Structure formats: C-alpha cells, structure tokens
Number of protein chains: 2
Amino acid sequence: MSRKANPRESVGMNGLRCDDEGPIWLQIRRAISAMITSGAWTPGMRIPSEIELTRHFGVSRMTTNRAIQSLAREGHLERHRRIGTIVASRAQERPAFEIWDVREIIERSGERYSYQLLEQLIVPEDDPRRDLFNVRRETSLLWLRCLHLSDDIPFQLEERLVNVDAAPEILRMSLDQTPPGPWLVNNVPWSQAEHTISALPAATREADALDLNVGASCLVVERRTWNGEIPVTLVKLWHPGSRYRLKGQFEPVR
Amino acid sequence: MSRKANPRESVGMNGLRCDDEGPIWLQIRRAISAMITSGAWTPGMRIPSEIELTRHFGVSRMTTNRAIQSLAREGHLERHRRIGTIVASRAQERPAFEIWDVREIIERSGERYSYQLLEQLIVPEDDPRRDLFNVRRETSLLWLRCLHLSDDIPFQLEERLVNVDAAPEILRMSLDQTPPGPWLVNNVPWSQAEHTISALPAATREADALDLNVGASCLVVERRTWNGEIPVTLVKLWHPGSRYRLKGQFEPVR
DNA sequence: CTTCGCTAATTGTATAGACAATTGTTTCCT
DNA sequence: AGGAAACAATTGTCTATACAATTAGCGAAG
C-alpha cells in the first residue's frame, strides 16, 4: 500500500468530506464532485478505489459504488477493472450546450445504437451544394449522408457538408465506422455555431432512408459552425416526427 | 390482490420479456422501456410494483430497483411511495433536441440549483429592445433578467424578451419562484427556433450579475422561437467562460 | 529474451435482508 | 359521524456478502 508502481498519478483523500444533506450516496457523490470541480483532483488522476472510499466514509461498498457509478455514467469519471477509476478529461466541462450526440441519447434510453454510412463523396466543382457554403472554388468539400439507428430502427438521418480545409484529417478517418459528428466536435476548433429547428416534409431521399412515406413531417435541426470567418461544417439532422414525439409544445408548420 | 380500488389504471405484464443481452438489470430496463415505446403501457398507467416485477423476472428486488430507478431518473417513470410507479406523461418523448434546461444540467451534476429573478418589466413603447422583435407597436413585451446558480455560484444569466400576445398567461405566473424557460417550453406552442452560440465579453450588467470582471469572455447562447410568423421569445444565456470549460473545441473569438 | 500462465487488484453485477419514509385504507373509540 | 390511531403497501436506502470479469504485473518455462 505504501510503495506503488504508480501507473497513474494518484490522489489523496485530503479534503474529501461529506455534508449532511440527503442520502449518504448523494453526499459522497457531491464530495467527489467537489474535489473535481475545485481542481484538487484533475483529469487523468486516479481516485481512491471503492474499498478505500468505503473505509474513508464508513459505508458499505454498494453505497460508494452507487455514487461513483452515477458520476461515471455522466462522463465525469472513467472506470476500468483492475485499473481503477480516473477523473475523465472532460470532467470539468459543463454541458452548457449539449451538442446533439445521438448516440448518447439512444444509449441513455437503454437502446442499442448503430450507425450506417450511406454516402461519401467530394463535392464536384459545379455542384449546387457548394452554394450552401461561401468558400472559394478550390476549397474541397466533403459530402456525407449517414443514418443513426436505435434498436435497428432509423432514428436520425444526417446530411453533412464538411470544409476539408478546416478539418483536413477527416479524410483519413474511416467514416464507415465512426460517425463524423462527435469526431468533429472534439477535434476541430470552432468559434461560432448557428442552429435552426423546424418541421419539414420528407423528400424521397429522406423518406427512403428513414423508412417513411414521402411528405411525412420530420423535425429537422440544421447546424452550421464556423471557426472565425471560415465555415467548418453544415449539417441537417432529420428525425421522423411521427415515430417519436418531441419534447415541448413543438407544432409542425402546416 | 384480486379486488382493488384501482386508484389508477393498472397494467398487466403481458409481453414483458427479457432479451438475453448484457446484465439482467439492463434487460429488465429495456423490457419496460419497450412496453412504453410500443404503447402497451401508456402515460399515467401504474406499472407493476417492484415486488411483482421481482417475481416476474425471478431476480432480487435490488435488481428490479436498479432498472426502474434508472428509467425514473431520466423521466420515463414517476415513483411515489405507497402509490407505486406510473408511466410519466413525457415518457414517449425523445430529447431529439434538448432545450437547455439549466436546472436539469445542474442537478444532474449533483449540485444544488437555485434561482433569482433580477428584473421584470413591460418594455416601454420607445425602448430600443423592441427592435429585436418585429412586432406591432401595440404588442406588449415582457423583459426578464434572471440568474441560475449552482451551489450558490452564478452559473447562467438569462436575459429574455417574451411576446405577451403569444403567451398571455405568463403575466399570471409568479416568476420570482418559477424560471420562465421551462414553463415557456412546455406551455407555449412554437414551430421554429434559431440558436446562435458565440463567445462575447461581459458588459457591466452581465459582469455584475455573474460576479466577473467587465470584459471577461462568456459563452453566449441566443435563442429565438416563433410560432408560425409570430415571434414568441428571444433569450440570451450568458455563461462565465472562465469558470466552466465547455464541451468541444470551442475557441473564443479573439 | 519472449511467451504463457498465474495471481492479485479492481470494478461489475447480483442476492437477501433490513429498516425508514410516505401515504392510502381501515378500524376503532367517542 | 368524525377524528385518531393502527395498519398495509410501496418505494428509498443501506449493509454484508458473493462471485464474475478484466487486466497489470510477475514469475516460470522455453
């Protein structure tokens, strides 16, 4: 216990204290959370094991486990058997704006997420899609269509244009395995974003992919991001409106 | 067991089946989830008690409990002691777009949410703020400023303009208790929304409220919603950029 | 030196049981 | 009848324990 190979920097338990509000597992959760947000425990550090915390707080392991798992499920901690629990690199981030990560939405609902790449091409010089972006003729643009499924039922169709100059590494990604959305958010810097939410009827292309009738109303989120003046990506996300009710008093345009 | 006063309509367990993937508590979770999304169990119905499910699936109560609680925490079920567990009215909704509900964000992080109303007034006829909305001179607009705190530290400043014609009941709300955001989302119909995300320096008004220096950079989300042609609300949400890192490679404009 | 297999540390899941808290229902006393 | 007290049903939390799964590290065998 005293001499350790120290696979990762390990934290101590100084300052780890319960308040006295509510159930003990929430107190423990808050105590750990406080260590992270205060900066005493920084991303990458290994936190005490369940056993140590169990002793520290004088509770049973299930109680510690509940506190830690609830933090882990929300992405503040990462846990690995035999390795232990480390503070996630994004633990101090707040989802002040949640970029719609379909995968997360689906998996939070306990369903199976799957993904299909439908189309991938470099937009030709005279293609009308180029007009959506205000970029020079030489700039190469990548066009993607992919489908996100929940329990093998189409949940979201993604139609995306990417400015390759702003994100050159994207050409090296195998996009038939990895959805482009999360990768872009995490790897390509951007400074400005604009979203438009509306209800639109599905055209043939969308209806086919989503397994709907042509004209069925969909909820469409359109997002554009820039880095300074440079457009980064433009994406249209189609949700079948009939299959999933939507949060809030959203009324399709008649 | 056979004759019941039936305080609420109660569901049977027909069709409630486990698949065989992953841990049993997730299987049970999916089984219940499937009953809801298939429509066999509809909002307001009382689902079988933990004991009954425990017997049905042949597991221990803690296992059932874990499945149900995880659904309840996400808003698919509502639980009350002695009453039982009912399907939440919003259970079939998908958070296809999560309207930023600060309260939810804060409470999910295990912190204490609190709220202050800073300012509330009907915008005078000649006020420049009227220009933000394209409405007739007679239309009365409500101006609100409120602060959302996490563990008593300012987390988000909300500056909002509401079209009273589109949401007349808002004048009857006691907005010093209830934040206007969630109420509007749930009670006022809208068909279109537009968001802009950017990084801006705090002016005196924002710096004061958020306890920052003037000029400190903030992440600002601006949201406008319409119902058809009619503007409903316009809100600017200020987050102190220094205190909370933000998800993704967001770079403040220099 | 490399590889294979063992051991130990750590988390993941499940069980059985206990008691607390909440609140509808019933019963009983006046 | 009305109100108070007891009861019952249901969820909330916690404990103690057990075994499974994962994997780093170590040591033995080749």
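We now turn to the structure provided with this report. Remember, it's a predicted structure, so these values are computed and weren't measured experimentally.

### Side note on the overall build of chain A
Within chain A, the secondary structure is distributed over six helices and 11 strands. A total of 254 residues make up chain A; the buried ones form 48% of that total. When the accessible surface of chain A is totalled, it reaches about 12800 Å², and 48% of it is carbon and sulfur.

### Observations concerning the packing of aromatic side chains
Scanning the model with the defined rule gives zero aromatic pairs over all chains in all. Sitting above the plane of the Trp143 of chain B ring, Arg129 of chain B keeps its charged end 4.4 Å from the centroid.

### Description of the protein's contact with DNA strand C
What surrounds DNA strand C is a group of 25 residues, the closest being Arg61, Arg79 and Arg81 of chain A together with Ile24 and Thr63 of chain B. For DNA strand C, the backbone makes up 63% of the atoms found within 4 Å of the protein, where backbone means sugar plus phosphate. Within the side chain of Arg46 of chain A, one N or O atom sits 2.8 Å away from a phosphate oxygen of DNA strand C. For DNA strand C, a phosphate oxygen lies 3.0 Å from a polar atom in the backbone of Glu50 of chain A. Of all the secondary structure elements, the ones that give two or more residues to the surface near DNA strand C are helix H3 (61–73), strand E2 (77–80) and strand E3 (84–87) of chain A together with helix H1 (24–37) and helix H3 (61–73) of chain B. Looking at the surface near DNA strand C residue by residue, the class counts come to seven nonpolar, eight polar and 10 charged.

### Regarding helix H1 (residues 24–37) of chain A
Structurally, the α-helix is built with 3.6 residues per turn, so residues lying three or four positions apart point the same way. Residues and elements named next belong to chain A. Taking 1.5 Å of rise per residue, the 14 residues of H1 would be expected to cover 20 Å, and the 20 Å separating its terminal C-alpha atoms lies within 8% of that figure. With 10 of 14 residues buried, H1 is to be regarded as a mostly interior element. Once H1 ends, the next one or two residues include Gly39, with phi positive near 90°.

### A look at the sheet that holds strand E1 (residues 46–47) of chain B
Residues and elements named next belong to chain B. On the basis of which strands lie adjacent, the open sheet formed by three strands has the order E1-E3-E2 and antiparallel pairing. Two strands close off the open sheet at either side, each with one partner strand: E1 and strand E2 (77–80). In terms of strand pairing, E2 meets strand E3 (residues 84–87) through four bridges, oriented antiparallel. Within the sheet, the bridge partner assigned to Leu77 lies in E3 and is Val87. Lying over the sheet, H3 contacts E2 and E3, oriented at roughly 115° with respect to E2.

### Details of the protein's contact with DNA strand D
The local shell around DNA strand D holds 25 residues, among which Ile24 and Thr63 of chain A together with Arg61, Arg79 and Arg81 of chain B are the closest. Backbone atoms, meaning sugar and phosphate, form 64% of the atoms of DNA strand D found within 4 Å of the protein. At 3.2 Å, a side-chain N or O of Arg66 of chain A approaches a phosphate oxygen of DNA strand D. A distance of 2.6 Å is found between a base oxygen of DNA strand D and a side-chain nitrogen or oxygen belonging to Arg61 of chain B.

### Some words on the pattern of salt bridges
If charged atoms from side chains of opposite charge come close, those side chains can pair. Residues and elements named next belong to chain B. A full pass over the atoms with the stated rule returns 24 salt bridges over all chains. The partner of Arg145 in a salt bridge is Glu119, and the shortest N-O contact between them spans 3.3 Å. Of this pair, Arg145 sits in strand E6 (residues 141–150) while Glu119 sits in strand E5 (residues 113–122), and the two are 26 residues apart along the sequence. Note on Arg145: relative accessible area 9%, which makes it buried. The partner of Arg160 in a salt bridge is Glu158, with the nearest N and O atoms 2.7 Å apart. Neither Arg160 nor Glu158 differs from the other in exposure class; each is buried.

### Some details on the sheet that holds strand E6 (residues 141–150) of chain A
Strand order in this open sheet of 12 strands is E5(A)-E6(A)-E7(A)-E10(A)-E9(A)-E8(A)-E8(B)-E9(B)-E10(B)-E7(B)-E6(B)-E5(B), and the pairing throughout is antiparallel. Each end of this open sheet is capped by a strand with a single partner; those strands are strand E5 (113–122) of chain A together with E5 of chain B. Averaged over neighbouring strand pairs, the angle between their axes works out to 15° when direction is ignored. Bridge analysis of strand E8 (residues 192–201) of chain A against strand E9 (residues 217–227) of chain A gives 10 bridges, and the strand direction is antiparallel. Of the residues in E9 of chain A, the one forming a bridge with Gln192 of chain A is Trp226 of chain A.

### A look at the environment of Gln69 of chain B
Mapped onto the elements of the fold, Gln69 of chain B is located in helix H3. Judged by its relative accessible area of 23%, Gln69 of chain B falls in the partly exposed class. In the structure, Gln69 of chain B is positioned 40 residues away from Arg29 of chain B in sequence and 9.3 Å away in space, judged by C-alpha atoms. Leave out the neighbours within four places in its chain, and Gln69 of chain B touches Arg66 of chain A together with Arg79 of chain B.

### Thoughts on the packing of helix H2 (residues 50–57) of chain A against H3 of chain A
Residues and elements named next belong to chain A. At their nearest, the axes of H2 and H3 sit 9 Å apart, and the two run at 110° to each other. Compared by their axis directions, H2 and H3 come out roughly perpendicular. The handedness of the crossing between H2 and H3 is right-handed. Within the contact between the two elements, H2 uses Glu50, Ile51, Leu53 and Thr54 and H3 uses Arg61, Thr64, Asn65 and Ile68. Of the residues contributing to the contact of H2 with H3, the split by class is three nonpolar, three polar and two charged.

### Let's talk about a positive patch on the surface
A surface patch of like charges, here positive, comprises Arg66 and Arg73 of chain A together with Arg66 and Arg73 of chain B. Breaking the positive patch down by element, the ones donating at least two residues are H3 of chain A together with H3 of chain B.

About the cut-offs
Residues numbered from 1 in each chain as written. Chains lettered and ligands numbered in written order. Predicted model: local features only at pLDDT ≥ 70, side-chain atom pairs only at ≥ 80, totals over all residues. Heavy atoms only, no water. Helix = DSSP H or I, 4+ residues; strand = E, 2+ residues; numbered from the N terminus. Buried < 20%, exposed > 50% of the residue type's maximum accessible area, 1.4 Å probe, protein only. Areas by Shrake-Rupley, 256 points an atom, 1.4 Å probe, with all protein chains shown as cover. Phe/Tyr/Trp six-rings, centres within 6.5 Å; stacked < 30°, edge-to-face > 60°. Lys NZ or Arg CZ within 6 Å of the ring centre and 35° of its normal. Near = heavy atom within 4 Å. Polar contact = N/O pair within 3.5 Å; in protein donor to acceptor, adjacent residues only side chain to side chain. Nonpolar A, V, L, I, M, F, W, Y, C, P; charged D, E, K, R; others polar. Expected span 1.5 Å × (residues − 1). Pairing = 2+ DSSP bridges. Contact = heavy atoms within 4.5 Å. Axes fitted to C-alpha atoms, helices over the stretch in contact; angles between N-to-C directions. Salt bridge = Lys/Arg side-chain N within 4 Å of Asp/Glu carboxyl O. Parallel < 35°, antiparallel > 145°, perpendicular 65-115°, else oblique. Left-handed = near helix turned anticlockwise from the far one by under 90°. Patch = residues over 30% accessible without salt bridge, like charges linked within 9 Å, V, L, I, M, F, W, Y side chains within 5 Å. Lys, Arg positive; Asp, Glu negative; His and termini not counted. Charge placed at Lys NZ, Arg CZ, Asp CG, Glu CD.

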